[in-house]
Amino acid sequence: MDDEYGPVVAAYTRAEAFEDGIFIEIPPSAASAAGIQMPLIITAGARQEFVAGNDGGEEGRLRSVLSAVARAVEQAPANEVCFVVPAAQLPSGQAPPAPTGSSPAPSPAIRSPS
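Residues numbered from 1 in each chain as written. Predicted model: local features only at pLDDT ≥ 70, side-chain atom pairs only at ≥ 80, totals over all residues. Heavy atoms only, no water.

### Points about the overall build of the protein
For clarity, the threshold we go by: The secondary structure listing takes helices from DSSP runs of H or I that are at least 4 residues long and strands from runs of E that are at least 2 residues long, numbered from the N terminus. In this scheme, a residue with accessible area under 20% of its type's maximum is buried, one over 50% is exposed, and one in between is partly exposed, where area comes from a 1.4 Å probe on protein chains only. Note on definitions: a residue-residue contact is assigned when non-hydrogen atoms from the two residues lie within 4.5 Å. Note on areas: these come from Shrake-Rupley sampling with a 1.4 Å probe, and a residue is covered only by the protein chains present in the view.
For the protein, the helix and strand inventory stands at four helices and four strands. Here the protein, with 114 residues, has 23% of them falling under the buried criterion. Look at the contacts in the protein between residues 6 or more apart in sequence, and 46% of them connect residues 24 or more apart. Taken as a whole, the protein presents about 8500 Å² of accessible surface, with 57% of it coming from carbon and sulfur.

### A few points about the pattern of salt bridges
We apply this condition: What counts as a salt bridge is simple: a side-chain nitrogen of Lys or Arg found within 4 Å of a carboxyl oxygen of Asp or Glu.
Taken as a whole and assessed by the stated rule, the structure comprises three salt bridges. For R47, the salt bridge is made with E58, and the minimal N-O distance between the two is 2.6 Å. With R47 in helix 3 (residues 44-50) and E58 in helix 4 (residues 58-75), the pair connects residues that are 11 residues apart, well separated along the chain. With a relative accessible area of 27%, R47 lands in the partly exposed category. Judged by its relative accessible area of 27%, E58 falls in the partly exposed class. For R63, the salt bridge goes to E59, with nearest N and O atoms at 3.3 Å.

### Regarding the environment of E58
Selection criterion: Identification of polar contacts relies on pairs of N or O atoms within 3.5 Å, with a donor-acceptor requirement for protein atoms, meaning one able to donate a hydrogen and the other able to accept it, and with residues adjacent in sequence counted only if both atoms are side-chain atoms.
Measuring from C-alpha to C-alpha, the distance between E58 and P91 comes to 9.9 Å, with 33 residues separating the pair along the chain. A polar contact is formed between the side chain of E58 and the backbone nitrogen of G53, at a distance of 3.4 Å.

### Examining the confidence of the model for the protein
Threshold: pLDDT gives the predictor's per-residue confidence on a scale running from 0 to 100.
Considering every residue of the protein, the mean pLDDT works out to 79; 77% of them sit at 70 or more. Confidence drops under a pLDDT of 50 for residues 96-114, and excluding neighbours within four residues, the segment shows 10 contacts in the predicted structure.

### Remarks on the side chain of R61
Locating R61 in the fold gives a position in helix 4. By relative accessible area, which is 11% here, R61 ends up buried. At 2.9 Å, the side chain of R61 forms a polar contact with the backbone oxygen of V51. A polar side-chain atom of R61 sits 3.4 Å from the main-chain carbonyl oxygen of A52.

### Comments concerning helix 4
Rule in force here: Residue count minus one, scaled by 1.5 Å, sets the expected span of a helix.
Helix length check: helix 4 (18 residues) gives 26 Å between terminal C-alpha atoms against 26 Å at 1.5 Å per residue, within 8%. All of the buried residues in helix 4 are R61, L62, V65, L66, A68, V69, A70 and A72. Lining the buried residues of helix 4 we find helix 2 (28-33) and helix 3.

### Considering the environment of P28
Looking at where P28 falls in the secondary structure, it is placed in helix 2. A residue is classified by how much of its surface remains accessible, and P28, at 57% relative accessible area, is exposed. Spatially, the C-alpha atom of P28 lies 6.5 Å from that of P39, the residues being 11 residues apart in sequence.

If you want it as structure tokens, here you go:
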């Protein structure tokens, strides 16, 4: 497909991201409990950073994340689709172990300025 930006060099679909485990569906009941009435996904990196853990607290951390998202959406201007949830408002999940012999990769949920 050519358009004003030129030919597509590579494409990665939403379906492929689900198949690869990059996107994880938020249970509709959890989103609804936070007052969010639309389908939601979380990236595997954001889930690992803010929700995952082996202490039995995932459900509570997910609730905290969804509450922060609901607050950010409510505070965003009505004509904006993009909103920001400050990381300080999110719980901390279990960080993945760093690969042996290398430094940890940055989380896709948090990007450092270029």
